[in-house]
Amino acid sequence: MADNAALDIGAFASRIQEETQRAVQRAVKGVGYFTSPAPAMGVTPKDLVRARGPARLYHYRPTEDELYRVPVLLVMATTNRGYILDLAPGQSFIGFLLGRGYDVFMLEWEAPRPEEKNLDLGDYALDFVAQAAEDVKAQTGEADFSIIGYCAGGMLSVIYAAVNPGLGLKNLVVFTTPVDFQQMELFANWADKRFFDVDRMVDTLGNIPPEVIYTSFDLLRPAARVAAQARLWDNMWNDEFVKSYRMFDRWGVDALALAGGYFRQVVRELFWENRLANNTLVLRGHRVDLGRITMPFLHVQAEHDHIVPRAASQPLIGLVGSLEKEELVLKGGHVSIAAGGNAVRRMWPAVDRFLAERSV
Amino acid sequence: MAEPPNLDPLAMWRDMLGQWERGVNSVANQAMGSDEFSRAMHQMTAVGLRLQQTVGEVVGKSLEALNLPTRNDLISINERLSRIEARLDEIATAAPAPKPAVPRPPRTRRPPSA
């Protein structure tokens, strides 16, 4: 009994000592935090293949001596920057794919300019994605290619795949991709057509400013930012934690404006009429029937996705017509499934397992 | 055997932070899922948009009186430039994308199990 008490007092003293050291480090490193720049991100060497409107197609330089025959085109979400997939060495999905021998391209986005306010879903899915696919084929000399789409990038990819089944798309991988917009409960409520005059908003603003996008994501978890800052203070002594916090925080606030026409169409046709899930979306005269997607298909969902809840993405696997199709539900949230520890351990190897044997 | 109570004040603070975050998010999500919230949010947005429209009109008229270009004038010029860019894009699209300058490794890789 007396021994236990002595042990507890010893443990308590050592805890006090540890916390005192951390408090000193917090003060010292806190000064460094406010006076140093954020870590560099998106630094994997790459070449710009084409810049057109808000679309940017990049080709990453290979790191292996031998590549898989089938190149990979990553299609990024329209609301955020692509460097979430290339945060830092060891935390880069692109670096991982290059290291596994893939020839990697990425289609990412810049904010649309005021005069590009009328760009719509058809422009993004059937023009920019289609142009990128043709460029990938021309650059590599291969007739077929794979697509990996993230979030809204996944949505654009499935639309492209459904309308263009015969243009060489060999494998399709999407993660955290919304299809049933009525299941995105909070967003659907905020877009309620009884209260939301989307035409007035688009006609007044032109493009939807990034602050609207960023704030709407933040509102889904209103306490998260305050709690994250408290945890940052608590972990200020931990360099790895601080570096990771800075990278994710910078990416989170670095949202992109959305083209007004695209936003209007997403609200009217996807939120109000749920046309993607009902296979009734028509773009440039083509009906988007997800049943026409027949190539091998992998859909990865995040168990704790608060932006695209599983109910909103889960119907996709049933809607695509592929005979070879897999659905994976992995631990993590909307962002951590793509970047961070969960991604490194779970999502990236799963994508490699799916693509490797289908990329020869 | 029952776990002894954790008397570490910082561990307790971290637990409380997690509970506070979950609680606030849950209560706020319930409130934000209501019709009342949606109505109020869009009423506020509408006021902001009306204000922005009015200020834009007033500023536009003032600039016009001073014989200066308005934002819409600049957007019109940009639109013309965009049309020229689009035309150049069409020409560039007709030509295949440039081949990579550096030679690429052979595309003969096989999966590890093959």
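Please refer to the structure higher up on the page.
Cut-off values and rules
- Residues numbered from 1 in each chain as written.
- Chains lettered and ligands numbered in written order.
- Predicted model: local features only at pLDDT ≥ 70, side-chain atom pairs only at ≥ 80, totals over all residues.
- Heavy atoms only, no water.
- Helix = DSSP H or I, 4+ residues; strand = E, 2+ residues; numbered from the N terminus.
- Rg over C-alpha atoms; globule rule 2.2 N^0.38 Å.
- Contact = heavy atoms within 4.5 Å.
- Areas by Shrake-Rupley, 256 points an atom, 1.4 Å probe, with all protein chains shown as cover.
- Lys, Arg positive; Asp, Glu negative; His and termini not counted.
- Charge placed at Lys NZ, Arg CZ, Asp CG, Glu CD.
- Buried < 20%, exposed > 50% of the residue type's maximum accessible area, 1.4 Å probe, protein only.
- Polar contact = N/O pair within 3.5 Å; in protein donor to acceptor, adjacent residues only side chain to side chain.
- Buried area = accessible area lost by both parts, 1.4 Å probe.
- Salt bridge = Lys/Arg side-chain N within 4 Å of Asp/Glu carboxyl O.
- Pairing = 2+ DSSP bridges.
- Axes fitted to C-alpha atoms, helices over the stretch in contact; angles between N-to-C directions.
- Parallel < 35°, antiparallel > 145°, perpendicular 65-115°, else oblique.
- Left-handed = near helix turned anticlockwise from the far one by under 90°.
- Nonpolar A, V, L, I, M, F, W, Y, C, P; charged D, E, K, R; others polar.

**Q** What's the story with the overall build of chain A in this structure? I'm lost.
**A** Of the regular secondary structure elements, chain A holds 13 helices and 10 strands. Computed over the C-alpha atoms, the radius of gyration of chain A is 22 Å, within 12% of the 21 Å expected from 2.2 N^0.38 for a compact globule of 360 residues. Seen through its principal axes, chain A has C-alpha atoms that stretch 80 × 55 × 40 Å. Contacts spanning at least 24 positions in sequence make up 80% of the contacts within chain A whose residues lie at least 6 apart. When the accessible surface of chain A is summed, it comes to about 14200 Å², and 54% of that surface belongs to carbon and sulfur atoms. Seen as two clouds, the 38 positive and the 44 negative side-chain charges of chain A have centres 2 Å apart.

**Q** Is there a simple way to think about the side chain of D234 of chain A in this case?
**A** Position of D234 of chain A relative to the elements: it lies in helix α8 (residues 224-234). The exposure class of D234 of chain A is buried, given its relative accessible area of 4%. There is a polar contact of 2.5 Å between the side chain of D234 of chain A and the side chain of R14 of chain B. Discounting chain neighbours no more than four positions away, the residues touching D234 of chain A are R26 of chain A together with W13 and R14 of chain B.

**Q** Help me out: how do you make sense of the interface of chain A and chain B in this one?
**A** It is common to give the size of an interface as the accessible area lost on bringing the parts into contact. With 60 residues of chain A in contact, the opposing surface of chain B contributes 49 residues. For the pair chain A and chain B, the two sides together bury roughly 4600 Å², of which 54% comes from carbon and sulfur. Per-residue buried area on chain A facing chain B is highest for E115, F195 and R200 of chain A; these three make up 14% of the total on that side. Viewed at the interface, chain B and chain A are joined by 7 salt bridges. Close ionic contact of E85 of chain B with R113 of chain A constitutes a salt bridge, the shortest N to O distance being 2.7 Å. The tally of links between chain A and chain B comes to 23 residue pairs in polar contact (both at pLDDT 80 or more). It is α8 of chain A that contributes the most residues to the side of chain A that touches chain B, 7 residues altogether.

**Q** What is the right way to look at the sheet that holds strand β6 (residues 169-175) of chain A in this model?
**A** In a beta sheet, neighbouring strands pair by backbone hydrogen bonds and run either parallel or antiparallel. Residues and elements named next belong to chain A. Taken together, the 8 strands give an open sheet; going across it, the order is β1-β2-β4-β3-β5-β6-β9-β10, and neighbouring strands pair in mixed fashion. A single partner strand is all that each edge strand has here, and the edge strands are β1 (46-52) and β10 (325-330). Averaged over all pairs of adjacent strands, the angle between strand axes in this sheet comes to 15°, irrespective of strand direction. Each of β3 (72-75), β5 (145-150), β6, β9 (297-302) and β10 touches helix α13 (residues 341-356); the most contacted strand, β6, lies at about 165° to it.

**Q** Can you walk me through the side chain of Q265 of chain A in this structure?
**A** Residue and element names in this part refer to chain A. Looking at the element boundaries, Q265 is found in helix α10 (residues 260-272). Residue Q265 is classed as buried on the basis of its relative accessible area, which comes to 12%. Contacts of Q265, omitting those with residues within four sequence positions, involve D120, L121, G122, L270 and L283.

**Q** How should I be thinking about the packing of α8 of chain A against helix α1 (residues 9-32) of chain B in this particular structure?
**A** Helix packing for two helices is described by the angle between their axes and how far apart those axes are. Taken N-terminus to C-terminus, the directions of α8 of chain A and α1 of chain B make an angle of 165°; their axes are 9 Å apart at the nearest point. On the basis of the axis angle, α8 of chain A is roughly antiparallel to α1 of chain B. Considering only the axes of α8 of chain A and α1 of chain B, their crossing is left-handed. Touching A224, V226, A227, A230, R231, W233 and D234 of chain A of α8 of chain A are W13, R14, L17, G18, W20, E21 and N25 of chain B, all from α1 of chain B. Grouping the constituent residues of the contact of α8 of chain A with α1 of chain B by class yields 8 nonpolar, 2 polar and 4 charged.

**Q** It is not clear to me how the packing of helix α6 (residues 198-205) of chain A against α10 of chain A should be interpreted in this structure. Could you clarify?
**A** All names here are of chain A. It is at 9 Å that the axes of α6 and α10 come closest, and there the two elements cross at 170°. Taken together, the axes of α6 and α10 are roughly antiparallel relative to one another. In this structure, α6 contributes V198, D199, M201, V202 and D203 to the contact, and α10 contributes G260, F263, R264, V267, R268 and W272. Split by residue class, the contact of α6 with α10 holds 6 nonpolar, 1 polar and 4 charged.

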